[in-house]
Amino acid sequence: MKININTIEKAKEFVSICSKYHDGDILVKQNKYAVDGKSTLGIFSLNLVEPVKVIMDSENDNSKIGFYNEIQKWKVENN
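Heads up: these notes are all about the structure in this document. (Residues numbered from 1 in each chain as written. Predicted model: local features only at pLDDT ≥ 70, side-chain atom pairs only at ≥ 80, totals over all residues. Heavy atoms only, no water.)

**Section: the nonpolar core**
Here's step 1: Ranked by internal contacts, the top residues of the largest apolar core, which has 20 residues, are Phe14, Ile43, Val54 and Phe67.
Here's step 2: Counting only elements with at least two residues in this core, the list comes to helix 1 (8–19), strand 2 (24–30), strand 4 (52–58) and helix 3 (61–71).
Here's step 3: Among residues more than four places away in sequence, those in contact with Phe14 are Ile3, Ile5, Val28, Gly37, Ile43, Val54, Phe67, Ile71 and Trp74. (Core = buried A, V, L, I, M, F, W, Y, C linked by side-chain atoms within 4.5 Å. Buried < 20%, exposed > 50% of the residue type's maximum accessible area, 1.4 Å probe, protein only. Helix = DSSP H or I, 4+ residues; strand = E, 2+ residues; numbered from the N terminus. Contact = heavy atoms within 4.5 Å.)

The structure is reproduced here in structure tokens:
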């Protein structure tokens, strides 16, 4: 899912949401860079003016659904 977390507040809230999901890995990708979604420093190393792609890897489908529902508010429609 592509999201836009283009403010400090949104980025901090995103990391906080990611940190709740201990049973999965959350990868945030932008161009050739990939960082851990649970890492504040990692998130702030990206260019947050541009959208980022978020991928959650978990064997727990309920966690995936819950996570993607929580970040839905920042979803960017594909062009």
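**Overview of the pairing of strand 3 (residues 33–36)**
Put simply, side chains in a regular strand alternate between the two faces of the sheet.
Here's step 1: Sheet topology note: the strand 2/strand 3 ladder contains four bridges and is antiparallel. Bridge pairing links Gln30 to Tyr33 in strand 3.
Here's step 2: Between strand 2 and strand 3, which follow one another and run antiparallel, lie two residues, and Asn31 among them has a positive phi close to 55°. (Pairing = 2+ DSSP bridges.)

**Comments concerning the pairing of strand 2**
Here's step 1: Along strand 2, the buried face is formed by Gly24, Ile26, Val28 and Gln30; none of Asp25, Leu27 and Lys29, which line the opposite face, is buried.
Here's step 2: The sheet contact formed by strand 2 and strand 4 spans six bridges and is antiparallel. Bridge pairing links Ile26 to Met56 in strand 4.

**Quick notes on the pattern of salt bridges**
Here's step 1: Taken as a whole, this structure holds two salt bridges when the rule is applied.
Here's step 2: Residues Glu13 and Lys73 are paired through a salt bridge, measuring 2.5 Å at the closest nitrogen-oxygen approach. On the criterion of sequence distance, the pair formed by Glu13 in helix 1 and Lys73 in the segment after helix 3 is long-range, its members being 60 residues apart.
Here's step 3: The exposure class of Lys73 is exposed, given its relative accessible area of 53%.
Here's step 4: The residue Lys20 makes a salt bridge to Glu70 at a minimum N-O spacing of 3.0 Å. A residue pair is termed long-range when its members are at least 10 positions apart, and Lys20 in the loop between helix 1 and strand 2 and Glu70 in helix 3 qualify at 50 residues. (Salt bridge = Lys/Arg side-chain N within 4 Å of Asp/Glu carboxyl O.)

The quantities given are spatial measurements derived from coordinates; they are silent on function.
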